[in-house]
Amino acid sequence: MGSILENFTSGIIPMEAYIFVSFIMFFSGIYGFLSRKSLLMVLISIELILNSADINFAVFNRYLYPEHFEGFFFAMFTIAISACETAVAIAIVINIYRNLNNVEVDSLDELKEPEASDEK
Amino acid sequence: MNYSAFLQLHNEMTLLAVIVILLVIDVFSSEKGYRFFQTLALILFSIHTLLNCVPGEPFEVAGGMYMYYPIHTYIKTILNVGTLIVLLQAHRWLNTEENIIRRGEFYFLTLSTLFGMYLMISAGHFLMFFIGIETAALPMATLVAFNKFNNKSAEAGAKYILSSVFASGLSLFGLSLVYGATGSLYFDDIAKIMTASQIELIGFAFFAVGLFFKISLVPFHLWTPDVYEGAPTSITAYLSVISKGTAVFVVFTIFVKVFGVMIAQWQILLYIIIVLSITVANLFAIRQQNIKRFLAFSSISQAGYIMLGVISGTALGMSSLVYYVLVYMFSNLAVFGVVTIIENHADKTSIRDYTGLYYTNPKLSIVMALALFSLAGIPPFSGFFSKYFIFSAAFKEGFYVLVFIALANTVVSLYFYLKVVKIMFFNQSENPIERISTDIPSKISLIICTLAIVFVGLVSSIFEQISVLGFGI
């Protein structure tokens, strides 16, 4: 911990700081995905997860393997693909809004396990 | 850059040509020409299937990002045939009044997902793999939500896209850790550098969870029954066979090729997941009343059986996996064909509605019974042979207890498969489904499936052909 603080004061940001941020983003994304009530917030949580992976790729590339650009390219492609994902997901959410007039997760309860049956 | 290298990817290129031709016709054709759209689509796709069914020599394109091995031709041909059958079964559904305006989109989206699956199968780099998996998943979500005025379909679409994007987010995070530990994303390079250190194991765990979501193995299966029930039936068939078959094949190649160092660890992981998948899915299948939910749980347990080929990690495991996918495809598509026909004509999806089907529609119920026998693994249908090969592949690697559990579960699955057969043949209904006369494309698809169910197992040269090229990795 001491060395990290020393690096901060000297102006060099250590790799651990970035990884720390990306892990916080990742796990808060998972938490948000499981706990949010609105579909839009769930989508934003997923974006957090995808972006934390992008940060990881960029940071690992910059600090550990600066001779190639594989991580940067991967992050670029991932950003584009996650934009597509969001576009499709938003389209589906808008469709749900048209059908049900809200975007709450709880209102998506038409498809579920049947009650225990007594037929033989 | 040498663009002529792209010509080597003839499977992808012809599929792309089919997609572009269909798109252009869909947008620009006259009213008169549009009547032949579906026939044209089927003919073009059949030509594409026939052109690409002969395996060639291994090669790689784009510096190893795209790898071709002869076994890829087999798995891609299986997917092509499966897609063709789904297109045949969807023929009538697409001609209904509400869908006639969206026909072009259906073909465009279905073939796009197929294109993504090709990329997944032939990937030699994680970027290619990731692009493939997303190209397959995103059009799939729109297909699931295809009936956009239907609440169920929209809900299924939302559930599918959210869980699928969440899964690929987990995969991606796992991949970033693997990249951090090894410094490369090429399959071959990673395999050389990897030492099964702790960070690599964590990365692998995240990555594997993302993939298991796609195959819908227990405990990552919770989206499956809802999505299968809500999606249009032809799409459900596509999702349960083509999408699953691809994912299983890819899991095998990636686990063996990239994460081969961790074989001891992932065998334990798979062991637990296989036991859970087969047992839990079988127990849940018993209590289902909706036929599509029932088939969803049946497909989860079948996925568990297919993973027995992966856990062995040998050439025999690979060839019996491809063979199992082939047989499973025909059996499952036959069941879905019957379900689609009955849903289209009588609008009934509950298992109870099938009571006494034999007395009004003997041909349909016989096809359904044969397919269910094959899924349950009763000799002499091909399902028996595929189960036999996949069990022996796992048995040879010493998984005696696992194979025994799988065998015991086969008996459980026999119960619920045969319950449907019993309802169709031996129970009388007061309100039976009326006599149905189906359209020609559905008939053709059912005939193909039935012939395959009976003969694929008996013609032993098919398995031998696959096993010659077995270890295509």
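Further up the page is the structure itself.
Residues numbered from 1 in each chain as written. Chains lettered and ligands numbered in written order. Predicted model: local features only at pLDDT ≥ 70, side-chain atom pairs only at ≥ 80, totals over all residues.

Draft legend 1. The overall build of chain B, seen in detail. Within chain B, the regular secondary structure consists of 20 helices and two strands. Rg of the C-alpha trace for chain B: 21 Å, near the compact-globule value of 23 Å for 473 residues, within the 12% margin. On the principal axes, the C-alpha backbone points of chain B span a range of 65 × 60 × 45 Å. Counting all 473 residues of chain B, 60% fall into the buried class. (Helix = DSSP H or I, 4+ residues; strand = E, 2+ residues; numbered from the N terminus. Rg over C-alpha atoms; globule rule 2.2 N^0.38 Å. Buried ≥ 20, exposed ≤ 12 C-beta atoms within 10 Å, placed from the backbone.)

Draft legend 2. Up close: the environment of alanine 281 of chain B. Residue and element names in this part refer to chain B. If you trace the backbone, alanine 281 turns up in helix H12 (residues 263-286). In this structure the C-alpha to C-alpha distance between alanine 281 and glutamine 302, which are 21 residues apart in sequence, comes to 9.1 Å. Setting aside anything within four residues of it in sequence, one finds alanine 281 in contact with Val218, Phe297, Ile300, Ser301 and Gly304. (Contact = placed C-beta atoms within 7 Å.)

Draft legend 3. Molecular detail of unusual backbone geometry. Cis peptide bonds are those with omega within 30 degrees of zero, and the linkage from valine 218 of chain B to proline 219 of chain B qualifies with 5 degrees. As for its position among the elements, proline 219 of chain B is in the loop between helix H9 (198-215) and helix H10 (223-230). Backbone torsion omega between proline 379 of chain B and proline 380 of chain B reads 5 degrees, so that peptide bond is classified as cis. Looking at the secondary structure, you find proline 380 of chain B in the loop between helix H16 (362-376) and helix H17 (382-396). With a phi angle near 65 degrees, asparagine 101 of chain A is a residue other than glycine that sits in the positive phi range. Tracing the sequence through the fold places asparagine 101 of chain A in the segment after helix H4 (70-100). In the Ramachandran plot, alanine 62 of chain B falls in the positive-phi region, its phi being about 60 degrees despite a non-glycine side chain. Its location among the elements puts alanine 62 of chain B in the loop between strand E1 (59-61) and strand E2 (66-68). Judged by C-beta crowding, with 15 C-beta atoms within 10 Å, alanine 62 of chain B ranks as partly exposed.

Draft legend 4. Just the packing of helix H13 (residues 291-312) of chain B against H17 of chain B, in detail. Residues and elements named next belong to chain B. Contact pair H13 / H17: the axes reach a minimum separation of 8 Å and the direction vectors enclose 35 degrees. Read as a crossing pair, H13 and H17 show a hand that is left-handed. Two secondary-structure elements touch here, H13 through Tyr305, Leu308, Gly309, Ile311 and Ser312 and H17 through Lys387, Ile390, Phe391, Ala393, Ala394 and Lys396. Its residues placed into classes, the contact of H13 with H17 shows seven nonpolar, two polar and two charged. (Axes fitted to C-alpha atoms, helices over the stretch in contact; angles between N-to-C directions. Left-handed = near helix turned anticlockwise from the far one by under 90°. Nonpolar A, V, L, I, M, F, W, Y, C, P; charged D, E, K, R; others polar.)

Draft legend 5. Just the packing of helix H4 (residues 70-94) of chain B against helix H5 (residues 103-122) of chain B, in detail. All names here are of chain B. Where H4 meets H5, the closest approach of the two axes is 11 Å, and the angle between their N-to-C directions is 165 degrees. The angle between H4 and H5 falls in the class roughly antiparallel. As for the relative orientation of H4 and H5, their crossing is right-handed in sense. Seen from H4, the contacting residues are His72, Ile75, Lys76, Leu79, Thr83, Ala90 and Leu94; seen from H5, they are Arg103, Phe106, Thr110, Leu114, Met117, Tyr118, Ile121 and Ser122. Residue classes in the contact of H4 with H5 are distributed as nine nonpolar, four polar and two charged. (Parallel < 35°, antiparallel > 145°, perpendicular 65-115°, else oblique.)

Draft legend 6. Spotlight on the interface of chain A and chain B. Of the residues lining the interface, 36 residues belong to chain A; the matching set on chain B comes to 34 residues. Taken together, the elements giving at least two residues each to the side of chain A that touches chain B come down to helix H2 (15-35), helix H3 (39-63) and H4 of chain A. For the side of chain A that touches chain B, the element with the most residues is H4 of chain A, which contributes 17 residues. Each residue belonging to the side of chain A that touches chain B can be placed in one class, and the counts come to 26 nonpolar, seven polar and three charged.

Draft legend 7. Geometry of helix H11 (residues 233-257) of chain B. Residue and element names in this part refer to chain B. Its 25 residues give H11 an end-to-end C-alpha distance of 35 Å, which sits within 8% of 36 Å, the value for a rise of 1.5 Å per residue. For H11, the principal kink sits at leucine 239 and spans about 30 degrees. Most of H11 is tucked away, with 24 of its 25 residues classed as buried. (Expected span 1.5 Å × (residues − 1). Bend = angle between axes of the 7 residues up to and from the residue.)

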